[in-house]
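One-letter residues, chain by chain:
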Amino acid sequence: MTLSDRILMGPGPCNPYPEAVAALSHPMLGHLDPEFIALLDDTSDRLRTVFATANALTFPVSATGSAGMEASIVNFVGPGDVVVVGVNGVFGGRIVDVVSRTGAEAIAVDHEWGQPIDVQRMLDAHPSPAMYAVVHAETSTGAQSDVAAMGANKGDALLVADCVTSLGGVELRVDDWNIDIAYSGTQKCLGVAPGLAPLTVSDRAIERLRPVPQSWYLDLNMIAKYVTGGGARAYHHTAPTSMIMSLHAGLGAVLNEGLDAVRARHQAAGDAVKAGMLGLGFELFAADGHRLAPLTSIVIPDGRLGSVNESGVRAQLLQEYGIEIGGGLGPVAGRVWRIGTMGHTARQRNVTSLIAALTDILD
Ligand SMILES: *Cc1c(COP(=O)(O)O)cnc(C)c1O
């Protein structure tokens, strides 16, 4: 089997849209070439459409989704601030770590894994935090949280939403939902290779920018001049031009298909995975009514795999059928699988292949 036959249904990179792959072989553009600057502007416009925002400061951070997380925190909080963080999986836990490193006080509101964020518990955690942070789509558990309800009740605080596994896969309306800062990654539902972190920041958040954040590279005071400087753009860092061309093309594919159609395709593929896995005798992990379409978390019932251990089944799927799925993380390692149907991967034909391969292996 060749590598190009691989079906990436894990929680990490999905198969990129063909348009995004093709863009990587375009002739190189210099990062200050007016043609590149125009492409960067157009990429930001496309991101505004996908994020559903009018925020001027919307652009791809030159690093993976985690840099989007860090930029969303370090630019706005520091010693003396309180940040209430919803923790219902690995990524909420990481936000707590990032917040703590700024010297701000992180109040972690812990939830059982697989459950969505409880907005009332977030509000009860502190009377006047500087910021709330929640993960819209917890890739470690397959649970989706109600960010709109958080935005409607946040009061004066800033609201940060981790949209790494939701952008381009499930409904997300940054402006309508009162999200102040949202970040994502290219390799999940946007269907592009890993390497960029789309970020959008409201004018309300910009008013609270720290003058000297605890990061030079992610300092939005400087980057804003580069990405929204009009004629007065100044060099800040060398933009990863080929990756931005690829993101531009991937967003083009998404917008050509239409955001509603893309979401419906993610929903249909996620539903098909859930139905297929239930049919094979597996159970669903995330709480009913809060299950993500692009990432289905499965509980492996005792004895279902016979004498083979779960990592052995995943290895066989990869080696013999070219299909990658993900294992469980942290407290659910060895007990849970995570199956991605993201971006270009979110298609019935991939689900059919996975269910047939598992049937071959297990029955
Ligand atoms: C993947 C992911 C991240 C981290 O993104 P990287 O591109 O791996 O740095 C953050 N949050 C969530 C919810 C994710 O799924």
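Given the structure is predicted, the values throughout are model-derived calculations rather than measurements. (Residues numbered from 1 in each chain as written. Predicted model: local features only at pLDDT ≥ 70, side-chain atom pairs only at ≥ 80, totals over all residues. Heavy atoms only, no water.)

Another aspect to go through is the domain arrangement of the protein chain. Interface extent is often summarised as the accessible area lost during association of the parts. We note that the domain assignment places domain 1 (3–14 + 258–362) and domain 2 (18–256) within the protein chain. Put simply, the middle of domain 1 and the middle of domain 2, counted by C-alpha atoms, are 27 Å apart. With 26 residues of domain 1 in contact, the opposing surface of domain 2 contributes 30 residues. Together domain 1 and domain 2 conceal approximately 2200 Å² of surface at their shared face, both sides included; 67% is due to carbon and sulfur atoms. (Domains from an automatic or database assignment. Contact = heavy atoms within 4.5 Å. Buried area = accessible area lost by both parts, 1.4 Å probe.)

All right, on to the packing of helix α3 (residues 65–74) against helix α4 (residues 90–101) then. Close contact between α3 and α4 brings their axes to 10 Å; oriented N to C, the two are set at 45°. In this view, α3 runs oblique relative to α4, as classed from their interaxial angle. α3 and α4 meet at a crossing whose hand is right-handed. Mapping the contact onto sequence places Ser-66, Met-69, Glu-70 and Ile-73 in α3 and Phe-91, Arg-94, Ile-95, Val-98 and Val-99 in α4. Its residues assigned to classes, the contact of α3 with α4 shows six nonpolar, one polar and two charged. (Axes fitted to C-alpha atoms, helices over the stretch in contact; angles between N-to-C directions. Helix = DSSP H or I, 4+ residues; strand = E, 2+ residues; numbered from the N terminus. Parallel < 35°, antiparallel > 145°, perpendicular 65-115°, else oblique. Left-handed = near helix turned anticlockwise from the far one by under 90°. Nonpolar A, V, L, I, M, F, W, Y, C, P; charged D, E, K, R; others polar.)

As a further point, take the side chain of Asp-180. Mapped onto the elements, Asp-180 comes out in the loop between β8 (158–162) and β9 (181–183). Polar contacts involving the side chain of Asp-180 include one to the side chain of Lys-154, which spans 2.6 Å. Not counting residues up to four positions away in its chain, the partners in contact with Asp-180 are Lys-154, Ala-157, Leu-158, Leu-159, Thr-200, Val-201, Ser-202, Arg-204 and Ala-205. (Polar contact = N/O pair within 3.5 Å; in protein donor to acceptor, adjacent residues only side chain to side chain.)

The next thing to look at is the environment of His-126. Its location among the elements puts His-126 in the loop between α5 (119–124) and β5 (131–135). Between the alpha carbons of His-126 and Ile-107 there is a distance of 8.2 Å; along the sequence they are 19 residues apart. Excluding anything up to four places from it in sequence, His-126 contacts Val-82, Val-84, Ile-107 and Tyr-132. Separated by 3.0 Å, the side chain of His-126 and the backbone nitrogen of Ser-128 make a polar contact.

On to the environment of Val-119, then. By the element assignment, Val-119 lies in helix α5. The exposure class assigned to Val-119 is buried, which follows from its relative accessible area of 16%. Sequence-wise, Val-119 and Asn-153 are 34 residues apart; in three dimensions their C-alpha atoms are separated by 8.3 Å. Non-local contacts of Val-119, meaning those with residues more than four positions away in its chain, are made with Asp-146, Ala-149, Met-150 and Asn-153. (Buried < 20%, exposed > 50% of the residue type's maximum accessible area, 1.4 Å probe, protein only.)

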